[in-house]
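Each chain, letter by letter, is given below.
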Amino acid sequence: ATATPAQTAAMNHAWQSIFWFSLVPTVFLYLGSLKLKDTPRWLFLKGRVDEARTSLLMNNDEGTAEAILADMRSNASGSSDSPSETSATLLQRKYVVPFVIVVLVIFFNQASGVNAVINYSVLLFNKAGLNGTEGNWADTALKTVNFLMTCVGVSLVDRLGRKPLLQIGTAGVVVGLVAAGLAYLLGLGGWFVAAGFFVFMAGFAVGPGVCVWLAMSELCPTRIRAKAMMIGLFVGMAAAWGIAQAFIPWSEAMGEPAVFFTLAGIAVFYFLTVTFLLPETKGKSLEEIERRFAGKSEG
């Protein structure tokens, strides 16, 4: 049926409201970015030691700041690079392993299908048997789970550590995807599919959603962090774009169960990567983590 002028105006107004509301956090993000300072380790690498000390004193007492600065000096003196080295390459032996781990984890983080699940959740709920209103309520519940479990993850990240939360989260992602695939396969109904999505989202939010960028930034040695994170982000966004673009044609050609079981398989590799390759970074300085990959860890 053709929409009436009043319905068309209402839809246009709704979209305008969405865009205006989306502008609010963007403004706060911009204003917050104005307060950002150069990091002490970047300043130290540039030879601006006094500025690095000043930056450290903003968040640490004098004794802690001097200890961190001494660790930076020790790390630099034990390296063939000078503190102002700017030509570090990702192909240096001591940088290859953390760089590969970063790229793998960020790739799996996006290839597990989180953006497709979020973007197409209402459509997927409808295809599973929920009507329009029920699908929207299920989508609202999904977003609520995302928010609440993100809060849980934030509260636990410095207690449990990055690696345990990523393991718990990726395991939840696997279970949720398998459950959603089985619900589609067995024709159990829309709310069973939604339950699988809720488990998926809870796992992703409490682990990968909270930890991945923190752990990856800690994992990258200072000299390669910008380049490594840039490449990792590109790979991750390419994976997210590819999954999102292929998701609907893929599900129409092979069916939702095949799609979700495949994504669950990718999430299994994510879990294995975290378990066997990713070191715990909680409570370790960036210099300690770098020495670990350079073969200089003290144990």
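Remember, it's a predicted structure, so these values are computed and weren't measured experimentally.

## Re the overall build of the protein chain
(1) Moving on: Secondary structure assignment for the protein chain yields 14 helices and zero strands.
(2) Moving on: Secondary structure elements of the protein chain, listed N to C terminal, follow the sequence α-α-α-α-α-α-α-α-α-α-α-α-α-α.
(3) Moving on: The principal-axis extents of the C-alpha atoms in the protein chain amount to approximately 70 × 45 × 35 Å.
(4) Moving on: In the protein chain, which comprises 299 residues, the proportion classed as buried is 42%.

## Considering the packing of aromatic side chains
(1) Moving on: Per the stated rule, a full pass over the model turns up eight aromatic pairs.
(2) Moving on: Taking 5.9 Å as the distance between ring centres and 10° as the angle between the ring planes, the aromatic pair formed by Tyr184 and Phe260 counts as stacked. Of this pair, Tyr184 sits in helix H9 (residues 162–186) while Phe260 sits in helix H13 (residues 256–276), and the two are 76 residues apart along the sequence.
(3) Moving on: On the basis of an interplanar angle of 65° and a centroid distance of 6.0 Å, the ring pair of Phe247 and Phe260 is categorised as edge-to-face. Within this pair, whereas Phe247 is found in helix H12 (residues 225–254), its partner Phe260 is found in helix H13, the two being separated by 13 residues in sequence. Each of the two residues, Phe247 as well as Phe260, counts as buried.
(4) Moving on: Here the aromatic residues Tyr120, Phe125, Tyr184, Phe197, Phe247 and Phe260 are joined through ring pairs into a cluster of three or more.

## A few points about the pattern of salt bridges
(1) Moving on: With the rule as written, the count across this model stands at seven salt bridges.
(2) Moving on: For the salt bridge of Glu51 with Arg48, the shortest nitrogen-to-oxygen distance reads 2.9 Å.
(3) Moving on: Assessed through its relative accessible area of 40%, Glu51 is described here as partly exposed.
(4) Moving on: Between Glu218 and Arg162 there is a salt bridge; the shortest N-O distance is 2.6 Å. Residue Glu218 is found in helix H11 (residues 208–219), and its partner Arg162 is found in helix H9; the two are separated by 56 residues along the sequence.

## Considering the nonpolar core
(1) Moving on: Judged by nonpolar contacts, the single largest core of 62 residues is most densely connected at Leu177, Phe197, Met216, Leu219, Phe260 and Leu263.
(2) Moving on: Tallying contributions element by element places helix H5 (residues 93–111) first for this core, with nine residues.
(3) Moving on: The residues touching Met216, leaving out its near neighbours within four places in the chain, are Ile101, Val102, Val105, Ile106, Met229 and Leu278.

## Some thoughts on the side chain of Arg41
(1) Moving on: With respect to the helices, strands and loops of the structure, Arg41 is situated in helix H2 (residues 40–45).
(2) Moving on: For Arg41, the contacting residues outside a window of four places in its chain are Ile68, Met72, Thr222, Ser285, Leu286 and Glu287.

## As for the packing of H5 against H11
(1) Moving on: Where H5 meets H11, the axes come as close as 10 Å, and the angle between the chain directions of the two elements is 165°. By the criterion of interaxial angle, the relationship of H5 to H11 is roughly antiparallel. Considering only the axes of H5 and H11, their crossing is left-handed. In this structure, H5 contributes Pro98, Ile101, Val102, Val105, Ile106, Asn109 and Gln110 to the contact, and H11 contributes Pro208, Val212, Trp213, Met216 and Leu219.

## What about the environment of Arg162?
(1) Moving on: Taking the relative accessible area as the measure of exposure, Arg162 reaches 6% and is therefore buried.
(2) Moving on: Taking the C-alpha atoms as reference points, Arg162 and Met216, 54 residues apart in sequence, are found 9.9 Å from one another.
(3) Moving on: Once residues within four sequence positions are removed from consideration, Arg162 is found in contact with Val157, Cys211, Leu214, Ala215, Glu218, Glu280, Thr281 and Lys282.
(4) Moving on: A distance of 2.6 Å separates the side chain of Arg162 from the side chain of Glu218, its partner in a polar contact.

## A word on the environment of Asp158
(1) Moving on: In this structure, Asp158 sits in the loop between helix H8 (132–156) and H9.
(2) Moving on: A sequence separation of 124 residues divides Asp158 from Lys282, and the C-alpha atoms of the two residues are 6.7 Å apart.
(3) Moving on: Separated by 2.8 Å, the side chains of Asp158 and Arg162 make a polar contact.

Cut-off values and rules
Residues numbered from 1 in each chain as written. Predicted model: local features only at pLDDT ≥ 70, side-chain atom pairs only at ≥ 80, totals over all residues. Heavy atoms only, no water. Helix = DSSP H or I, 4+ residues; strand = E, 2+ residues; numbered from the N terminus. Buried < 20%, exposed > 50% of the residue type's maximum accessible area, 1.4 Å probe, protein only. Phe/Tyr/Trp six-rings, centres within 6.5 Å; stacked < 30°, edge-to-face > 60°. Salt bridge = Lys/Arg side-chain N within 4 Å of Asp/Glu carboxyl O. Core = buried A, V, L, I, M, F, W, Y, C linked by side-chain atoms within 4.5 Å. Contact = heavy atoms within 4.5 Å. Axes fitted to C-alpha atoms, helices over the stretch in contact; angles between N-to-C directions. Parallel < 35°, antiparallel > 145°, perpendicular 65-115°, else oblique. Left-handed = near helix turned anticlockwise from the far one by under 90°. Polar contact = N/O pair within 3.5 Å; in protein donor to acceptor, adjacent residues only side chain to side chain.

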